[in-house]
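Now for the letters of each chain:
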Amino acid sequence: RPSAGGSAVPGRLSSSTQGGKGKRAVVQPLAASVVTETPAPAVAPARPVVDAPPRRRGGRGTVEHAAWKSVRQERWEGALELEGELPLWLDGTYLRNGPGLWNLGDYGFRHLFDGYATLVRVSFRDGQAVGAHRQIESEAYKAARAHGKVCYREFSEVPKAEGFLSHVGQLATLFSGSSLTDNSNTGVVRLGDGRVLCLTETIKGSIVVDPDTLDTIGKFEYTDRLGGLIHSAHPIVTDTEFWTLIPDLIRPGYSVVRMDAGTNERRFVGRVDCRGGPAPGWVHSFPITDHYVVVPEMPLRYCARNLLRAEPTPLYKFEWHLESGSYMHVMCKASGRVVATVEVPPFVTFHFINAYEEKDDEGRVTAIIADCCEHNANTSILDKLRLQNLRSSTGQDVLPDARVGRFRIPLDGSPFGELEPALDPDQHGRGMDMCSINPAHVGKKYRYAYACGAHRPCNFPNTLTKIDLVEKTAKNWYEEGAVPSEPFFVPRPGAVEEDDGVAISMVSAKDGSAYALVLDAKTFHEIARAKFPYAMPYGLHCCWVPRSTSDA
Ligand SMILES: CC1=C(/C=C/C(C)=C/C=C/C(C)=C/C=C/C=C(C)/C=C/C=O)C(C)(C)CCC1
Ligand SMILES: [Fe+2]
């Protein structure tokens, strides 16, 4: 198995389909080839591919940005051209997951979250960078490729009746969960035992990959009997454990579960009963502290009926139930007991940033502080993330406002909690999502968060922002026309200060190029960019795999 650094040979392929030296390899447009080729061969360019300039469409002056176009090849690997100087301590692999393929033949998907998972890798060693990407071989992706159509239920796409029935059988399969997708297009985490897991909201969409070759190794089989069909897309993972939430759509509530590193067995820790209804709030993510698990219950709730519908509803698989209230629950990790449930102002969040315990002078925990990317209790961001909206940027300022929402959850039995902006949202252009922090501060008091913000007018977050929660200020990185993904914080080995490290973001540029941007996390100035020789679509979440000493 090659080491995480991969090969330093430009355009090296991991398969036998490499074009000969000097011979220009044919680059198959994946959108067309994916449905016809079994398996779709990896055809990498012998020389960097020059992408066509962005296309003007529709006479309305709109430009189709490469960020929202399907990735054009099944896979690629090669040395990246560097601008600037990479720190020598940056030694390991950055992985980014996301829905990078939204077309099957002529058919185009509707929503950003529907796309088939594309895993991107940038391996850093000795000041050099090697890049790669590859499609994750989920059952959903393989079936779509083999049959030329959607065969499983995605975020908004559902199989057409005949296709679906012929592929997975009877309607009853809807209830067993077998029609749900395993397209693990959302997150990627490195477990404490070193395995790398790609995730989505379906439990069956937990897929183990090889961080070096990006091979799909297989399903992560949970060996317990906890069941459930869906879980939080963002487990909290440390060197020793893995925490997640399993919503219960029948008896509205959530199971809090924990898995030891090195095992596949989740253990039930406790249950939170919803205060509102008719179903649990969407828990795309949740935060923990040293001693507690925080379970959010927002008015954007799962809807079993919508899960079964053939056509998407305005809120997809969800429904807005303002009347049923918004709550935050706190569970003790050790006992599984719910120690607080408070009503809070309405909120909409997909991503919690962090949480920590607030203590009095005697060291007693008096409250939990939980921070999130909060969309001003407005669900319209889901609609803005439809591909048609993302692709039709007319220069108007249509991105809904968002902020760092800070919850204060008192533990003294009071029935209400607070929700306030943690800093003036104008500091980050009133855009706020796709966040990361220093992993050493998960569950602990912290000062800095890294996220995507906005430089207006815009239709999508287009800056990288470093939030200082003490000074209540932000430093912003912006490049005209760039679409940056989550700035992922990587600490410098041996660092003491919280922001001693780099923030890495994959950027889809205006001219159709793509690069991994490395920012000094302290100054938020660019240190280097490592350029891919082709366009890369937007992607979601990331992880860092340090080079193990055995690889050195
Ligand atoms: C496949 C099924 C579902 C899938 C849900 C998925 C794939 C949800 C993905 C959610 C993501 C990626 C949320 C990200 C939000 C990012 C935002 C708001 C960024 C804003 C701008 O920066 C279920 C819906 C669970 C139903 C079962 C089937
Ligand atoms: Fe997410």
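Keep in mind it's a predicted model, so treat the numbers as computed, not measured.

Peer 1: Explain the nonpolar core to me, using residue names and the numbers behind them.
Peer 2: Ranked by internal contacts, the top residues of the largest apolar core, which has 85 residues, are Met328 and Phe407. Methionine 328 has contacts with Val294, Val295, Pro296, Ala340, Thr341, Val342, Val344, Phe347, Phe352, Ala370, Phe407 and Ile409, leaving out every residue within four places of it along the chain. Core analysis: the next-biggest nonpolar cluster, separate from the first, contains 24 residues, Trp76, Val120, Phe124 and Val502 among them.

Peer 1: If you had to explain the environment of glycine 227 to someone new, which residues and values would you point to?
Peer 2: Turning to its location among the elements, glycine 227 is positioned in the loop between β14 (216-219) and β15 (236-237). In this structure glycine 227 comes out as partly exposed when scored by relative accessible area, which is 37%. With 120 residues separating them in the primary sequence, glycine 227 and tyrosine 107 have C-alpha atoms 34 Å apart. When neighbours within four sequence positions are excluded, glycine 227 is seen to be in contact with Ile203, Ile246 and Arg266.

Peer 1: Tell me about empty space enclosed by the protein, residues and numbers included.
Peer 2: Tallied over the full model, the rule gives five cavities of 30 Å³ or more. There is about 650 Å³ of room inside the largest cavity. What lines the largest cavity is a set of 38 residues, and nearest its centre among them are Phe113, Phe155, Glu201, Trp282 and His284. Elements that contribute at least two residues to the lining of the largest cavity include exactly β24 (349-359) and β28 (433-436). Residues that form the lining of the largest cavity fall into these classes: 22 nonpolar, eleven polar and five charged.

Peer 1: Could you give an account of the layout of surface pockets, naming the residues involved and the relevant values?
Peer 2: Where empty space is left becomes clear once a probe the size of a water molecule has been rolled over the atoms. Of the volumes computed, that of the largest pocket is approximately 1300 Å³. In terms of lining, the largest pocket is formed by 49 residues, of which the most central are Val237, Ile437, Pro439, Val442 and Phe488. Of all the secondary-structure elements, those providing two or more residues to the lining of the largest pocket are β11 (187-190), β15, β24, β28, β33 (488-491) and β37 (542-546). Among the residues making up the lining of the largest pocket, the classes are represented as 29 nonpolar, twelve polar and eight charged.

Peer 1: Kindly report on the site of ligand 1, identifying the contributing residues and their values.
Peer 2: Residues in close proximity to ligand 1 total 21 residues, the closest being Phe113, His284, Phe350, Asp433 and Pro461. With the chains in place, 98% of the 690 Å² that ligand 1 exposes on its own is no longer accessible. Assessed atom by atom at 2 Å from the grid points, ligand 1 resides in the largest cavity. Residues of the shell around ligand 1, tallied by class, amount to eleven nonpolar, five polar and five charged.

Peer 1: Give a description of the sheet that holds strand β31 (residues 473-478) that names residues and reports values.
Peer 2: Reading across the sheet, the four strands line up as β28-β29-β30-β31 and stay open at both edges, with antiparallel pairing between neighbours. At either end of the open sheet lies a strand with only one pairing partner, and these are β28 and β31. This sheet shows a mean twist of 25 degrees between the axes of neighbouring strands, independent of strand direction.

Peer 1: Summarise the UniProt feature "binding site: Fe cation" (unreviewed entry) in the protein; cite the residues concerned and give the values.
Peer 2: UniProt marks His234, His284, His351 and His541 with the feature "binding site: Fe cation" (unreviewed entry), using the numbering shown here. Taken along the chain, the residues just named run across 308 residues; in space they keep tight, none of their C-alpha pairs more than 12.6 Å apart. When the annotated set is filtered for residues lining the largest cavity, what remains is His284, His351 and His541. On the basis of relative accessible area, histidine 284 is assigned to the buried category, the value being 10%. Those residues in contact with histidine 284 that lie beyond four places of it in its chain are Thr186, Glu201, Ser232, Ala233, His234, Phe350, His351 and His541.

Parameters and conventions
Residues numbered from 1 in each chain as written. Chains lettered and ligands numbered in written order. Predicted model: local features only at pLDDT ≥ 70, side-chain atom pairs only at ≥ 80, totals over all residues. Heavy atoms only, no water. Core = buried A, V, L, I, M, F, W, Y, C linked by side-chain atoms within 4.5 Å. Buried < 20%, exposed > 50% of the residue type's maximum accessible area, 1.4 Å probe, protein only. Contact = heavy atoms within 4.5 Å. Helix = DSSP H or I, 4+ residues; strand = E, 2+ residues; numbered from the N terminus. 1 Å grid on protein atoms, 1.4 Å probe; cavity = no way out; pocket = protein on both sides within 12 Å on 5 of 7 lines; lining within 4 Å. Points joined across faces, edges and corners; volume = space filled by probe spheres on them. Nonpolar A, V, L, I, M, F, W, Y, C, P; charged D, E, K, R; others polar. Near = heavy atom within 4 Å. Areas by Shrake-Rupley, 256 points an atom, 1.4 Å probe, with all protein chains shown as cover. Sits in = over half its atoms within 2 Å of the grid points. Pairing = 2+ DSSP bridges. Axes fitted to C-alpha atoms, helices over the stretch in contact; angles between N-to-C directions. UniProt positions renumbered as here; feature names shortened; annotations may be inferred.

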